[in-house]
Every structure is written in structure tokens, then in C-alpha cells.
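The primary structure of each chain is shown beneath.
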Amino acid sequence: MTARKTSLASLILLLTLLFAGAALAVKPDEVLADPALEARARTLSEELRCMVCQNQSIDESDADLARDLRVLVRQRLVAGDTDRQVIDYIVSRYGEFVLLKPRFSLRNALLWGTPVLLLLAGGIFIVLTARSRRSAPAAMLTAEEKAALDKVLSN
């Protein structure tokens, strides 16, 4: 075997091992007979978060809950639900946290925008406070205070 064929074979083996985890998560008894429905189920499963693993989709996770969600997705597809209806059904049961990519809503915009607004308000407050301190005249000492200060400093 030439060096080029060896490196190509090594690359293929590496890629196979790299993606084997996701392929092993979906059990053969979960796979639908209809290839089109199975493709939709896999696409939807990649969009849903495993509530146990939290950084994996249910398509990649071996957790029991992820398996239950994969089966649920397939049941809803077989029942005739659209992709949107399947996602809405699962979100209604588990909340928006189950989505790997949250939907854009006013609530989410406030959640992500509040820290920026607080930093902006804090920056404005610091600038205005610094300006007011700089422009305020220094308080003058009274004659009694000046005499007391001179007495302390002369000792």
C-alpha cells in the first residue's frame, strides 16, 4: 500500500470513529421503516436537547430520556404531525430549554438584552458621576478651619 492510500484509509477510519457515537445512539428498534420519515425524525432529533446530558442532542445521547424523546418524535411523525407540530408538542411538555436553538421571542430578547442594558446604564452612570465631580467647585475652608489647619500643619 502506498503512503497516500494509507493516509486516506487512516482518515476514513478516523472519521468513522468520530461519527460512530451519534450513529450508535439511535437503536435499530427505533428506526422507522419509511426512509423519509426517518430522515425527518433524525433532523428533528438533532434540534432537541437531551435533558440529562444538556450539551448533546437527543440524536447523539444514550440517556434513557433521550431514547424516550426519540421514540416520541417518531410516534408523532407516524401519527401525521408536521415537524413544527412535533417540536411544539415537545416544547409544551418540556419547555423551551429542550430546544438546542431557542426561538426568538420578547422574553428571550429581554433575557439576552438585559445584561447589555445594565452595562450600558452602569457606564452612563459612571461617566455622569465623573463629570459632576470634576465640574463641582471645591469647597472653600472657613477662616476658623483654615486657622485650625495651619495650626496642625505648623506643629
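Once a new chain begins, its residue numbering starts again from 1 and follows that chain's sequence as written. Side-chain atom pairs in this predicted model are given and counted only at pLDDT of 80 or more, local residue features only at pLDDT of at least 70, and totals for whole chains, interfaces and linings cover all residues. The basis for every side-chain value is the complete set of non-hydrogen atoms in the structure, without hydrogens or water.

1. Points about the packing of helix α3 (residues 64-78) against helix α4 (residues 83-94)
Angle between the axes and distance between the axes are the two parameters that describe a pair of packed helices. Here the axes come from fitting lines to C-alpha atoms, over the contacting stretch only for helices, and the angles between their N-to-C directions go from 0 to 180 degrees. In this text, helices come from DSSP runs of H or I with a minimum length of four residues, and strands from runs of E with a minimum of two, each type numbered from the N-terminal end. Packing of α3 against α4 brings their axes to within 9 Å, and their N-to-C directions diverge by 140°. When the axis of α3 is compared with that of α4, the two are oblique. The interaxial crossing formed by α3 with α4 has right-handed handedness. Of the residues in α4, those touching α3 at Leu-65, Leu-69, Leu-72, Val-73, Arg-76 and Leu-77 are Asp-83, Val-86, Tyr-89, Ile-90, Arg-93 and Tyr-94. For the contact of α3 with α4, the per-class residue count stands at nine nonpolar, no polar and three charged. Put simply, angles under 35 degrees are roughly parallel, angles over 145 are roughly antiparallel, angles from 65 to 115 are roughly perpendicular, and the rest are oblique. The crossing is said to be left-handed when, going from far helix to near helix, the turn is anticlockwise and less than a right angle, and right-handed when the turn is clockwise. Whether two residues touch is decided by their heavy atoms; if any such pair falls within 4.5 Å, the residues are in contact. Residues were grouped as follows: Ala, Val, Leu, Ile, Met, Phe, Trp, Tyr, Cys and Pro as nonpolar; Asp, Glu, Lys and Arg as charged; and all remaining residues, including Gly, as polar.

2. What to know about a nonpolar patch on the surface
Patch membership requires over 30% relative accessible area and the absence of a salt bridge. Like charges are linked within 9 Å, and nonpolar side chains (Val, Leu, Ile, Met, Phe, Trp, Tyr) within 5 Å. Computed with a 1.4 Å probe, the accessible areas rest on the Shrake-Rupley method; for each residue, only the protein chains presented here act as cover. A pair is scored as a salt bridge if a Lys or Arg side-chain nitrogen falls within 4 Å of a carboxyl oxygen belonging to Asp or Glu. Residues Leu-117, Leu-120, Ile-124 and Leu-128 make up a contiguous nonpolar surface patch of roughly 410 Å² in combined accessible area. By the secondary structure assignment, Ile-124 is in helix α5 (residues 106-135).

3. Some remarks on the pattern of salt bridges
Summed over the entire model, instances satisfying the criterion amount to five salt bridges. For the salt bridge of Glu-38 with Arg-74, the shortest nitrogen-to-oxygen distance reads 2.7 Å. One end of the pair, Glu-38, is in helix α2 (residues 35-47); the other, Arg-74, is in helix α3, with 36 residues separating them in the sequence. Relative accessible area decides the class of each residue, using a 1.4 Å probe on protein chains only: under 20% of the type maximum gives buried, over 50% gives exposed, and in between gives partly exposed. The exposure class of Glu-38 is buried, given its relative accessible area of 9%. With relative accessibility at 3%, the residue Arg-74 sits in the buried group. The salt bridge partner of Arg-76 is Asp-81, with a shortest N-O separation of 2.7 Å.

4. Some points on the side chain of Arg-70
Of note, Arg-70 is situated in helix α3. On the basis of relative accessibility, which here comes to 1%, the residue Arg-70 falls in the buried class.

5. Side note on the nonpolar core
The criterion is simple. A nonpolar core is a set of buried Ala, Val, Leu, Ile, Met, Phe, Trp, Tyr and Cys residues joined through side-chain atoms within 4.5 Å. Grouped together as the largest cluster of nonpolar side chains are 19 residues, with contacts concentrated most on Leu-48, Ile-58, Val-73, Leu-77 and Ile-90. When residues of this core are traced back to their parent elements, those giving at least two are α2, α3 and α4. Per-element accounting of this core gives the leading share, five residues, to α3.

6. Re the packing of α2 against α4
The interhelical angle for the contact between α2 and α4, taken along N-to-C directions, is 40°, at an axis separation of 11 Å. One element, α2, and the other, α4, form an angle in the oblique class. Here α2 runs over α4; the crossing is right-handed. Touching Arg-40, Leu-44 and Glu-47 of α2 are Asp-83, Val-86 and Ile-87, all from α4. Classifying every residue of the contact of α2 with α4 gives three nonpolar, no polar and three charged.

7. Digging into α2
In this scheme, a helix's expected span is set at 1.5 Å multiplied by one less than its residue total. The end-to-end C-alpha distance of α2, which contains 13 residues, comes to 19 Å, matching closely the 18 Å that a straight helix rising 1.5 Å per residue would cover. Buried residues of α2: Leu-37, Glu-38, Ala-41, Leu-44 and Ser-45, and no others. The buried side chains of α2 occupy one side of the element, clustering within an arc of 125° when seen end-on. Where α2 is buried, its residues contact α3 and α4. As used here, the arc belongs to the directions running from the helix axis to the C-beta atoms.

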